[in-house]
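A structural walkthrough
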Amino acid sequence: MERPERSATALSAQPRANGCSGAGHSTLRNGYVRGLPASDTQINHVVHNGGLYKRPFNEAFEETPMLVAVLTYVGYGVLTLFGYLRDFMRQWKIEKCQNATEREEQKDFVPLYQDFENFYNRNLYMRIRDSWNRPICSVPGAKVDMMERVSHDYNWTFTYTGRVIKDIINMGSYNYLGFAQKAGTCQEAAAKVLSQYGAGVCSTRQEMGNLDKHEELEKLVARFLGVESAMAYGMGFATNSMNIPALVGKGCLILSDELNHASLVLGARLSGATIRIFKHNNMQSLEKLLKDAIVYGQPRTRRPWKKILILVEGIYSMEGSIVRLPEVIALKKKYKSYLYLDEAHSIGALGPSGRGVVEYFGLSPEDVDVMMGTFTKSFGAAGGYIGGKKELIDYLRTYSHSAVYATSLSPPVVEQIITSMKCIMGEDGTTVGKARVQQLAENTRYFRRRLKEMGFIIYGNEDSPVVPLMLYMPAKIGAFGREMLKRNIGVVVVGFPATPIIESRARFCLSAAHTKEMLDTALKEINEVGDLLQLKYSRHRLVPLLDRPFDETTYEETED
């Protein structure tokens, strides 16, 4: 529902709770700043909120041009019509049917797949399937080697030519701090541990799989995060999906951001708790759900909820946005709920010393009840962790499915994490880790600024190393990935169902291993491809992620 327009005087007098000042702009509706002059496109987030933010929080999303949105819908409409036509031709044997179908004796059964995703995969995804699952044959560092493949049946099958494409600039891996490398202290330490412990543990932590290296890692993680205790797991996805059911269950309420990762969504569903969704990073929406939960309680019985758990991420991997953590913590304290923070992409990548979004905002780790993260990105390894109070970790050691049933982390992987984490903390006697954190921050700001200057629509926070570049139209998803590969740039293109169907995008992930020359080369090629495919949609009309009056939400803590 639209809010009524307000005068420029009223807007200038009214502070913005998310730090967006509306002064000087005559119309503001539904968070869209309309008709900004070219010189006024930068929106500075001067934070009010009673001093919740200790630093500028610059996060804005540009409005999709109406013509682009219409043409995107038309493009999908045309592809859908042709998809139905081709399905008709396959049914009558006019076109060869390549997809898996039921056998003749199963025709009277209900079809195994009837949903839209199957139609989409068959008729839309298959056209651009060559843009995904490209096999690399090197360390996923700043540059990679890729195996060349071709398809002679329109991407249904692929054949390898035997040729290797060398030195592709890698703009897609989550190698934020550049620890994915085949030489250096991490590699040497991992190789030494491999010769001593072997590659696998072949048991769970509760049986014969608890090594001294696991104990060392967990103590180090607890010190790194500034929490009482921590526990490590062998898989990042399972850290969420298997631990959330151990924390909440029937009679509990989960409040989940609408753009949370699939692992959080799966964990919430497996828990059996009631799930309610709030709009992405929208504190009004979250507070309304918290108020309703307190006032109305559980459905039908109206009993109080046993627990209320808020699920958020540090950096959202498809939007490039950073959680509004100071406001989330203020709401959590006000309404006496619990907070589960997923720092998969933010740990190592944010904060002056790489300690994640909590340090980035200058907050205390004690204000976050469950601190989750992964070792798969900034640390160049595998697995995940949960940190928090000692009572929490002791409970999870007994009741977490990942702890009880999953095989322990591989010793060389553990050593990779330990060595890289000590490097970040400076405990290796060098400043290499600190320099990498600073280099990532510089690369992120430089790359984002240059893309915006070129005229692309870029989503997310200016400090986020995840940089989505909007493509929108279905034909441009595959075209962008192919054209960039021709120019020796490896990129990740993303479409439905990972994003809304009309918000296809290319997602760049910056790394401390990227040199300025690499970034300039990539930017030059992106600029050329942007002109070729007409991707420069920006009209410098920035949309603040959330724009609401300060007095609509208060954050004072209530006394017990």
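About the cut-offs
Residues numbered from 1 in each chain as written. Predicted model: local features only at pLDDT ≥ 70, side-chain atom pairs only at ≥ 80, totals over all residues. Heavy atoms only, no water. Core = buried A, V, L, I, M, F, W, Y, C linked by side-chain atoms within 4.5 Å. Buried < 20%, exposed > 50% of the residue type's maximum accessible area, 1.4 Å probe, protein only. UniProt positions renumbered as here; feature names shortened; annotations may be inferred. Helix = DSSP H or I, 4+ residues; strand = E, 2+ residues; numbered from the N terminus. Pairing = 2+ DSSP bridges. Axes fitted to C-alpha atoms, helices over the stretch in contact; angles between N-to-C directions. Phe/Tyr/Trp six-rings, centres within 6.5 Å; stacked < 30°, edge-to-face > 60°.

Our next topic: the nonpolar core. Within the largest apolar cluster, 107 residues are counted, with the highest numbers of intra-cluster contacts made by Met171, Phe447, Leu451, Phe480 and Phe508. Counting residues in hydrophobic clusters, the runner-up holds 21 residues, among them Val248, Leu264, Ala268 and Ile393.

Those places that UniProt annotates as "transmembrane region" (unreviewed entry) correspond, in this numbering, to residues 66-85. The distance from the first to the last C-alpha atom of residues 66-85 is 29 Å, and the span holds 100% helix and 0% strand.

Within strand 12 (residues 384-388), 5 of the 5 residues are buried, which leaves the element mostly enclosed by the surrounding structure. Neither face of strand 12 is left uncovered, since the one carrying Gly384, Ile386 and Gly388 and the one carrying Tyr385 and Gly387 both have all their residues buried. Inspection of the sheet shows strand 6 (residues 229-233) paired to strand 12 by 5 bridges, in the antiparallel sense. Residue Ser229 lies in a different strand from strand 12, and its bridge partner there is Gly388. Pairing analysis gives 4 bridges linking strand 11 (residues 370-374) to strand 12, with the strands arranged antiparallel. Of the residues in strand 12, the one forming a bridge with Thr374 is Gly384.

Here we take up the sheet that holds strand 13 (residues 466-472). Strand order in the open sheet formed by 3 strands is 13-16-15, and the pairing between neighbours is antiparallel. Sheet topology places strand 13 and strand 15 (492-494) at the edges, where each strand pairs with a single neighbour. The sheet shows a mean angle of 30 degrees between the axes of neighbouring strands, direction not considered. By the bridge criterion, 3 bridges tie strand 15 to strand 16 (residues 504-509) in an arrangement that is antiparallel. Bridge pairing in strand 16 places Val494 opposite Arg505.

Note on aromatic pairs: each is described by the distance of the centres and the angle between the planes. Taken as a whole, this structure holds 17 aromatic pairs when the rule is applied. With 5.6 Å between their ring centres and 35 degrees between their planes, Phe57 and Phe361 make a pair best called tilted. Separated by 304 residues along the polypeptide, Phe57 in the loop between strand 2 (32-33) and strand 3 (60-62) and Phe361 in the loop between helix 10 (357-360) and strand 11 bring together distant segments of the chain. For Phe57, a relative accessible area of 0% corresponds to the buried category. Geometrically, the ring pair formed by Phe88 and Trp92 is tilted, given 6.4 Å between the ring centres and 50 degrees between the ring planes.

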